[in-house]
Amino acid sequence: HNRDDSATVAAADAAYEELTRAGIETLYDDRNIAPGAKFSDAELLGIPYRLVVSKKTGGDVEVASRTSSETHKESLATFIQSIR
């Protein structure tokens, strides 16, 4: 993420905390590098789901599954419920 966007950083921090509280093991990539590099690293590590928090997601998260090339937006609560 871009460290200059404090609202997005706060939303990502809150999402990480909520996922952790829900008992979902979460890797939070807060490096200040291009998103594509982060996505590639997640793929190499075998991360099953990638969640993106950005201005574009408007309070939701963009969800990408390792097993699908499609992404979609949904609320974090919906995502948590769907993987439990």
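So, how was this worked out
Residues numbered from 1 in each chain as written. Predicted model: local features only at pLDDT ≥ 70, side-chain atom pairs only at ≥ 80, totals over all residues. Heavy atoms only, no water. Helix = DSSP H or I, 4+ residues; strand = E, 2+ residues; numbered from the N terminus. Rg over C-alpha atoms; globule rule 2.2 N^0.38 Å. Buried < 20%, exposed > 50% of the residue type's maximum accessible area, 1.4 Å probe, protein only. Expected span 1.5 Å × (residues − 1). Arc of directions from axis to C-beta. Contact = heavy atoms within 4.5 Å. Phe/Tyr/Trp six-rings, centres within 6.5 Å; stacked < 30°, edge-to-face > 60°. Lys NZ or Arg CZ within 6 Å of the ring centre and 35° of its normal. Salt bridge = Lys/Arg side-chain N within 4 Å of Asp/Glu carboxyl O. Pairing = 2+ DSSP bridges. Axes fitted to C-alpha atoms, helices over the stretch in contact; angles between N-to-C directions.

(A) Just the overall build of the protein chain, in detail. Along the backbone of the protein chain there are three helices and three strands. Each helix and strand of the protein chain, placed in order from N terminus to C terminus, yields the pattern α-α-β-β-β-α. Relative to the compact-globule value of 12 Å for 84 residues, the protein chain shows a C-alpha radius of gyration of 12 Å, a close match. Overall, the protein chain is about 35 × 25 × 20 Å in size when its C-alpha atoms are taken along their principal axes. Per-residue burial for the protein chain yields a buried fraction of 23% across its 84 residues.

(B) Fine view of helix H1 (residues 6-21). Helix length check: H1 (16 residues) gives 22 Å between terminal C-alpha atoms against 22 Å at 1.5 Å per residue, within 8%. Restricting attention to buried positions, one finds in H1 the residues Thr8, Val9, Ala12, Ala15 and Leu19. Angularly, the buried residues of H1 cover 125 degrees about the axis, an arc narrow enough to put them on a single face. Facing away from the buried side of H1 by more than 90 degrees, the exposed set consists of Ser6, Ala7 and Arg21. Contacts from the buried residues of H1 go to strand S1 (49-52) and helix H3 (76-83). At the C-terminal side of H1, Gly23 shows a positive phi close to 80 degrees.

(C) The arrangement of the packing of aromatic side chains in detail. Summed over the entire model, instances satisfying the criterion amount to two aromatic pairs. The lysine or arginine in question, Arg50, covers the ring of Phe39, its NZ or CZ lying 3.8 Å from the ring centre.

(D) Up close: the pattern of salt bridges. Counted by the stated rule, this structure contains three salt bridges. In this structure, Asp41 engages Arg31 in a salt bridge whose closest nitrogen and oxygen atoms are separated by 2.7 Å. With Asp41 in helix H2 (residues 35-45) and Arg31 in the loop between H1 and H2, this residue pair connects regions lying 10 residues apart in the sequence. Residue classification places Asp41 among the partly exposed positions, given a relative accessible area of 28%.

(E) A look at the sheet that holds S1. Strands sit in the order S1-S2-S3 across an open sheet of three strands; the sheet is antiparallel. One side of each edge strand has no neighbouring strand; the edge strands of this open sheet are S1 and strand S3 (71-74). Each strand of the sheet is rotated relative to its neighbour by a mean of 30 degrees, with strand direction disregarded. Looking at chain direction, strand S2 (residues 61-65) and S3 are connected through four bridges and run antiparallel. Looking at the pairing, Val63 lines up with His72 of S3.

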